[in-house]
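Survey of secondary and tertiary structure
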Amino acid sequence: MRYIFSLENAEDYDTYHTISEQFKEKLSAYQSVLQTKYKLVDLPKAIVWTTPELATSVFSSVPIPAFTSKNIIYMTPDLSAWKALFIEQLEGQDHPEIKAFYEQITINQVLAIAGHELTHHSDLFLDEFEDDREDGIWFEEGMCDYLSRKHLLEEREFERISDIEYKLIGLFKDKYGDHTLEVFGSSSYGGSLTSIMYDYWRSGFTVKYLVEKKFQNDEMKVFEEYHKWDREGRKVTLLKYFGVEELFE
């Protein structure tokens, strides 16, 4: 997997190259975990480190500067940009605890976002990532969050960010919670930043609940049931199959 820089000035290169070097060792170790335990066979061709502006206006129109396209991960490693984006999720609401949390996030949490994108390439997921998928998308997104955070964050960091996102779900439930998680991706990317992130928060919470509460901290058992659902013909939604369709009622 190659590391490529798509930037417009030398100052950005100096900054981004330094961060990339900090990420390399930990991403390589996580890559080995994915290859050993989670069936990562074909690596993405490259990670393109770029600015938030280029990521969201040139390489994509989605307002989140981390994504995979045509087997290449595009992402900004700019910590200040991620802090600003996460605070923007509040849509101006006065919530000092959440705002303070995002003001103090570390580069480790940006690393976990890169890990999320890498996890998408695991062959344990049933559908090709860029296909027109119609069901169970929440599972892949939530599991990518779960595995990357489990292996790249300290336990206290993982629990804290999970707690913050659960509070965000409650904060925006009335505004963005009128659809089932099964339609994740069908229209999300045409919405606002917060409406998009709302389904990521719910996906992450649902997978964490499945792994830790229903399957006693054994994510491979969750994957086994996910594959069983597919083998049996996907007769019901994956949410119903796992018995979590009313988790947010």
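Residues numbered from 1 in each chain as written. Predicted model: local features only at pLDDT ≥ 70, side-chain atom pairs only at ≥ 80, totals over all residues. Heavy atoms only, no water.

One pass over the full model with this rule turns up 2 cavities of 30 Å³ or more. Forming the boundary of the largest cavity are G142, D145, Y146, R149, F158, S162, E165, Y166, W201, G204, F205 and K208. For the lining of the largest cavity, the secondary-structure elements that each account for two or more residues are α6 (137-152), α7 (155-176) and α8 (193-214). Taken together, the residues of the lining of the largest cavity break down into 5 nonpolar, 3 polar and 4 charged. (1 Å grid on protein atoms, 1.4 Å probe; cavity = no way out; pocket = protein on both sides within 12 Å on 5 of 7 lines; lining within 4 Å. Points joined across faces, edges and corners; volume = space filled by probe spheres on them. Helix = DSSP H or I, 4+ residues; strand = E, 2+ residues; numbered from the N terminus. Nonpolar A, V, L, I, M, F, W, Y, C, P; charged D, E, K, R; others polar.)

In this section: α7. A rise of 1.5 Å per residue sets the reference length of α7, with its 22 residues, at 32 Å; its end C-alpha atoms lie 29 Å apart and thus fit the reference within 8%. Where α7 is concerned, the buried positions are E157, F158, I161, S162, I164, E165, L168, I169, F172 and Y176. Packing partners of the buried residues in α7 comprise α4 (96-103), α5 (107-119), α6 and α8. (Expected span 1.5 Å × (residues − 1). Buried < 20%, exposed > 50% of the residue type's maximum accessible area, 1.4 Å probe, protein only. Contact = heavy atoms within 4.5 Å.)

Of note, E165 is situated in helix α7. Accessibility expressed as a relative area gives 8% for E165, which makes it buried. Considering only alpha carbons, one finds E165 and F205, 40 residues apart in sequence, at a separation of 8.0 Å. Excluding anything up to four places from it in sequence, E165 contacts Y102, R149 and W201.

Turning our eyes to something else, we now look at the pattern of salt bridges. Enumeration according to the criterion identifies 15 salt bridges in this entry. D145 is paired through a salt bridge with R149; the nearest N and O atoms lie 3.9 Å apart. In this pair, D145 and R149 are both assigned in helix α6, 4 residues apart and thus about one turn of the helix distant. Comparing D145 with R149 shows no difference in burial state: the two are buried. Across the salt bridge formed by E219 and K150, the nearest N and O atoms sit 3.0 Å from each other. You can see E219 sitting in helix α9 (residues 219-231) and its partner K150 sitting in helix α6, a full 69 residues away along the chain. With relative accessibility at 4%, the residue E219 sits in the buried group. K150 gets classed as partly exposed once you look at its relative accessible area, which sits at 33%. Shared partners join several salt bridges into a network, and the residues in it are E97, R160, D163 and K167. (Salt bridge = Lys/Arg side-chain N within 4 Å of Asp/Glu carboxyl O.)

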